[in-house]
There are 4 protein chains.
Amino acid sequence: MPRKICVVITARPSYARIWSALAAIRDRSDLELQLVLCASALHDRYGKLTDIVRRDGLDVAEQLFTLIEGENLVTSAKSTGLGIIELTTAFDRLKPDLVVTIADRYETLATAVAASYLNIPLVHVQGGEITGSIDEKVRHAVTKLSDLHLVSTHKARDRVIRMGERPEAVVWTGCPSIDLAAIAERDESEFDVFSSYGGVGPVLDLSGGFLMVMQHPVTTEYGAARDQIVETIEAVRRLAMPTLWFWPNVDAGSDAVSKMIRVYRERNALPHVHLFRNVAPEHFIRLLVRSSCIIGNSSVGIRECSFLGVPAVNIGARQAGRERGPNVLDVGYDRDQIVEAVTLHERRGRPVRSHLYGDGEAGVRIAAELASWAPSVEKRLTYD
Amino acid sequence: MPRKICVVITARPSYARIWSALAAIRDRSDLELQLVLCASALHDRYGKLTDIVRRDGLDVAEQLFTLIEGENLVTSAKSTGLGIIELTTAFDRLKPDLVVTIADRYETLATAVAASYLNIPLVHVQGGEITGSIDEKVRHAVTKLSDLHLVSTHKARDRVIRMGERPEAVVWTGCPSIDLAAIAERDESEFDVFSSYGGVGPVLDLSGGFLMVMQHPVTTEYGAARDQIVETIEAVRRLAMPTLWFWPNVDAGSDAVSKMIRVYRERNALPHVHLFRNVAPEHFIRLLVRSSCIIGNSSVGIRECSFLGVPAVNIGARQAGRERGPNVLDVGYDRDQIVEAVTLHERRGRPVRSHLYGDGEAGVRIAAELASWAPSVEKRLTYD
Amino acid sequence: MPRKICVVITARPSYARIWSALAAIRDRSDLELQLVLCASALHDRYGKLTDIVRRDGLDVAEQLFTLIEGENLVTSAKSTGLGIIELTTAFDRLKPDLVVTIADRYETLATAVAASYLNIPLVHVQGGEITGSIDEKVRHAVTKLSDLHLVSTHKARDRVIRMGERPEAVVWTGCPSIDLAAIAERDESEFDVFSSYGGVGPVLDLSGGFLMVMQHPVTTEYGAARDQIVETIEAVRRLAMPTLWFWPNVDAGSDAVSKMIRVYRERNALPHVHLFRNVAPEHFIRLLVRSSCIIGNSSVGIRECSFLGVPAVNIGARQAGRERGPNVLDVGYDRDQIVEAVTLHERRGRPVRSHLYGDGEAGVRIAAELASWAPSVEKRLTYD
Amino acid sequence: MPRKICVVITARPSYARIWSALAAIRDRSDLELQLVLCASALHDRYGKLTDIVRRDGLDVAEQLFTLIEGENLVTSAKSTGLGIIELTTAFDRLKPDLVVTIADRYETLATAVAASYLNIPLVHVQGGEITGSIDEKVRHAVTKLSDLHLVSTHKARDRVIRMGERPEAVVWTGCPSIDLAAIAERDESEFDVFSSYGGVGPVLDLSGGFLMVMQHPVTTEYGAARDQIVETIEAVRRLAMPTLWFWPNVDAGSDAVSKMIRVYRERNALPHVHLFRNVAPEHFIRLLVRSSCIIGNSSVGIRECSFLGVPAVNIGARQAGRERGPNVLDVGYDRDQIVEAVTLHERRGRPVRSHLYGDGEAGVRIAAELASWAPSVEKRLTYD
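Residues numbered from 1 in each chain as written. Chains lettered and ligands numbered in written order. Predicted model: local features only at pLDDT ≥ 70, side-chain atom pairs only at ≥ 80, totals over all residues. Heavy atoms only, no water.

Description of the relation of the copies chain B and chain A
Once chain B has been moved 0.1 Å along the axis and rotated by 180 degrees, it coincides with chain A to within an RMSD of 0.0 Å. Each copy turns onto its partner about a two-fold axis. Interface residue correspondence from chain B to chain A reaches 100%, placing this contact among same-surface, isologous pairings. (Least-squares fit on C-alpha atoms with pLDDT ≥ 70 in both. Contact = heavy atoms within 4.5 Å.)

So, unusual backbone geometry
A positive phi angle is found at Ala39 of chain B, which is not glycine, with a value near 50 degrees. Relative to the helices and strands, Ala39 of chain B resides in the loop between β2 (31-38) and α2 (49-55). (Helix = DSSP H or I, 4+ residues; strand = E, 2+ residues; numbered from the N terminus.)

Details of the pairing of strand β9 (residues 243-246) of chain B
Residues and elements named next belong to chain B. The two faces of β9 match: Thr243 and Trp245 on one face and Leu244 and Phe246 on the other face are all buried. Across four bridges, the pairing between strand β8 (residues 211-214) and β9 is parallel. Paired with Met212 across the bridge in β9 is Leu244. Of the pairings in the sheet, the one linking β9 to strand β10 (residues 273-276) comprises four bridges and is parallel in character. Pairing of Phe246 across the sheet is with Phe276, part of β10. (Buried < 20%, exposed > 50% of the residue type's maximum accessible area, 1.4 Å probe, protein only. Pairing = 2+ DSSP bridges.)

Focus on the nonpolar core
Among soluble globular proteins, nonpolar side chains are generally buried collectively. Leu109 of chain C together with Leu109 of chain D are the most contacted members of the largest nonpolar core, which totals 139 residues. Of the residues forming this core, the biggest block, ten residues, is contributed by helix α3 (residues 73-94) of chain C. Membership of the second largest hydrophobic core comes to 73 residues, among which are Ala21 and Leu98 of chain A together with Ile52 and Val125 of chain D. (Core = buried A, V, L, I, M, F, W, Y, C linked by side-chain atoms within 4.5 Å.)

Some details on the relation of the copies chain C and chain A
Superposition of the two copies of the chain requires a rotation about an axis together with a shift along that axis. By a simple turn and slide, chain C fits onto chain A: the slide is 0.0 Å along the axis, the RMSD is 0.1 Å, and the turn is 180 degrees. Interface residue correspondence from chain C to chain A reaches 100%, placing this contact among same-surface, isologous pairings.

Focus on the interface of chain B and chain A
Taken residue by residue, the interface counts 47 residues in chain B and 47 residues in chain A. When chain B packs against chain A, close to 4400 Å² is buried across both sides, 67% of that on carbon and sulfur atoms. The largest per-residue losses of area from chain B upon contact with chain A belong to Tyr117, Lys137 and Tyr383 of chain B, which jointly make up 18% of the total buried on that side. One can count two salt bridges joining chain B with chain A. With its nearest N and O atoms 2.9 Å apart, the salt bridge here joins Lys137 of chain A to Asp147 of chain B. Linking chain B with chain A are 16 residue pairs in polar contact (both at pLDDT 80 or more), by the criterion used here. (Buried area = accessible area lost by both parts, 1.4 Å probe. Salt bridge = Lys/Arg side-chain N within 4 Å of Asp/Glu carboxyl O. Polar contact = N/O pair within 3.5 Å; in protein donor to acceptor, adjacent residues only side chain to side chain.)

Structural data, given as structure tokens:
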């Protein structure tokens, strides 16, 4: 009997991160994949993952609607409560041998609670990182509920062990998102983002270089979301380069972001900007590889771009604490600093590539660990 | 304006543990107590806390029914989900400046998630201990969601800091349950447990010494709950001393315990045993002080009894990892071992008292910390 | 493909009522039974239905824990909300062709809402009756959400049609509980309630006649529950006949009933009373047939007893509005009236039997209707 | 002490309908208004009611986030379950003397269940109408849970009584939406919809006559939503008149509508159409009064327009069964029929006005009924 591995995806970026591992699980005869999609992964406004997943040749075991509308702190908390109720039903039915949860979004704690309270061994991918904000609390709480930790960097492994986890249960695999970057980079087939995804705004000429923007609202600084995005918009205006802008996820504060972009667009203040949502991860990477620079606060700028050697301008504190390769320049929420950093990158040229977050083989390693790991009955702090 | 301190109580034992701190909060003019009762704290079968609390002179700010019937792993998980939903409503209304959560029962994670997701600074009392079972996971996950840690032992403080919390946010206060023990011990007023609480079984003559039993089912060993309790019952039969037996809390497995006790009673196999539920903590302690020995797996045997110098026979792994004073003998689920340990205690006489878990001033210290602590905006692992 | 019939049972009495229909559904090759147990049907305190059901040779498709502890009006309402959430998941998975809901307990509205909101045709058994209390509102609300009505009496059929339902969708089948009574009455195998069910209290000699008591708290008169049950207890004391007392269902107010019975028992004030819970319906009926009189406010006294010709003393308003056969005497919550009515029944002797609530063939008729009925897309009031 | 009247609003159109009654409640010293907003009333995508309400001088007692994202049948059902949980909390806190629910959207059943299960007398506004679809079931189920019925038409009153409600508890008040129409009609202040609401599309010249469109997806015909809206879009294209189009509510199917409109717009196929959302009811009416014709399936075309004498083309079955004044022409989902009906209206000229749905004084009458009505303890079918 193959070991049943239930992987819970709560958002599009998590799917991107874990994709190569999902494929590797599916391809092993000693593992059976049970894929559960829930929370913002199911919602059209930010990209319907179900269709993408099926196109990628994976079955969806469960779709769970767990997001309470409102996009504020109250609904984030309550959605997590509802998520626990719904995931418990799903796990009780699927009876997985292991549950896998990814990264640190607020909904991932629902997966961790449901699995650990049902005594199902829990595997956490991407623990041990430092980023600040509520994600930081969530990530380490998930670590303490988890039985096996598959981490992206050697420093992360060290941190998880220092938190009191048994060293033999903390395994470096590298980040599976790097696998995707490696594959996408090698893909030479034709691809035109405008005809594939439509989006909003003019069709741009990308041949002379272009910017990419992805900026999420920051949960613990709710009220300031609007002011922060305005700095980025103003910087993009001033840079006046062709720009591909990608919509943020559902989060407290994302409405503020959407609104300001709309306001500027209606004033025709962003004539060289095209907006997209729901771009498939592999296509996103292929654009990244060709882009001059990525601006914002997405982890993509830190992780994938360090592997790919793409210049990144990282804004604000959202990625604070994450290890950085030589491709990152950090700035504040300040239009001048953003413009300057993009300009500095241009002068310096392409950064050197780094294997800090993985070497492109994480997925296969993760699947192998899931197949061979022997869950222990009980877990305690290792401190004597 | 006094600082609003919301303390969430999810079960009778937690109330006992935190009582002196609640009184100390109430007595400070710079603090305002918002007491929330939920989960099993509200249920008659295991003791209606609301009435006790009011008799103690405290106001109840909210009563939240969050326990889904079933007493199995599925309902434990779902009750936690429902708890998050209901506590979020309560916190959103009460707008506390700090939320306090106690110890490590599964429902406490609901308090921690609701508070931290609403960006309300969270205070954890009794973190950093080691016990095994699901409580272990819950306790440390709560630590990672908390901003201030008020711990019971110096070793616990050390562990919380090693987990990556800032040393200045980890404060030794001692355990407030020891305060209660100190007060109850000094109380010389008249008290007869049989006339006060009724209970079930014969009225016993306690003047020649007596046993006390409190044994909880162990969550991760669900199926074995019945066999385990039978060993204790058989040991108590053989010891043939007057015995006061106290009902366990709501937990997966508690039905098995109740049933076996009922079975033995109906066969008249426990003629010298009297059963109680919902005995007020201060009365419980006054019995403890006079008892020959406590048997079971309650933390009372480890904590309060070390301070009081009462012999304890600790069964099984539930308290594994907790620091012990000289009053504890550990045994397995084995009637012979239990009988032997009680006999050994008798021969040795009264153990020396220990301040391992506190000196009787924890409540005042906790209230002082809650009044003076300056919450920081954001928390990160301290590891460099 | 057989038509999939999902029957939702929320409490022990509903199972008793529908049993013959379940058996008839199972026995037809053109129907497939999907049995869902939820709410109080799953709880030990009031009888674990799952085991009985399996012993009866039926499969359980789903068990849903939907009861929030508290037994008050707030938890009744919230349990209904949780029931809708959980039943929606179950229906979405089971994809039944028809959903069947029975009678009028508060949880049945959860079944009706979940099915009708998912556009699954809904069948209501036992609509059109008049009883007062919250059940009355629930029953008729369920009627308005239902597409097919299988009613117990000709008067009930008339009422459902007058409420605006299409006459061809309102079918008299008789009450399936009468089928059970007919079968149980014919059963001559040996049966001793004391050895089969244990219960609490002395073993009684039933050969010289005995009383049966089943009294539910009345939801809308919450505070008075305690006073009401005392009248019955006092009447039973005065009658001093061997008495079999059956515990009520989970309902707001049931704690008051349990407590008063316990109080009297502990005073040894009920020496000729034996208490039972969770007696299988067929056994209950076999006791009924032999009993001198049933006292309380259960519908059994009105329905089954009219068919069986068993004297019933019906207390209070709970069954007000239900049609009565010649076997019923109505009294208030008054010990004198209760005693008098039992005495009057004794003098009058056995009442004549009536087919008012069915002829013992309802189950087969219900199954036939479920197989042949053609659901219509949409429903409107029939009033022109 | 004024009587506390809790009015629950679940969507923008309900607010419009009840506005004059809310104002009349606020203005009476013997009533205290407790306004609760929940479900789609809180969501930006379809209009943030909270701000409008406050601008109108009303306090919001509670905002409850009860909508689970997904806009399909499963989430409609589950949102209703969540709504019951949240509304029960709110009612338990607000302790209203009466709860008022409006009309027949699926979420209104949550209000009705929560109030009736808490034994709070329930008042239903706009019962007794016939429309088909799931609304029909919801509306009459709410009637059966309600204690007082304030109806819009004399025929509706007759129907509610025929359903078994006591005639003295069924009071004709007329529809309060007509009050709003009467007020808005008299308002001669300046108003320009384009500068006030922005919206999407060209600024149109309305002086030569214009169309208004409001078409909701029809729940029980889910899959067909897309085809249906295309017929209307094509008719509007062919009519080539300036057209103001208003977005539908959140409902299973509304995504299909949004998508098709977007598709046509992106092809520039609707050059004379301007889209709005969240237009204040009084502004909507002022547009209606000036418009040539309203197209779609909103009840506005039947109700307000009969009072105002505005031509309406009513598409499909959504309003089937509602009484009609002389202003309505009914058509199928058919572009030819729609075009023809608009043309016929043009030829015929302005229809005569009707008081079928009220005379403009409903709000005052509703408030008076709420103040004077004596709730009875219990309700039964009136059929003898």
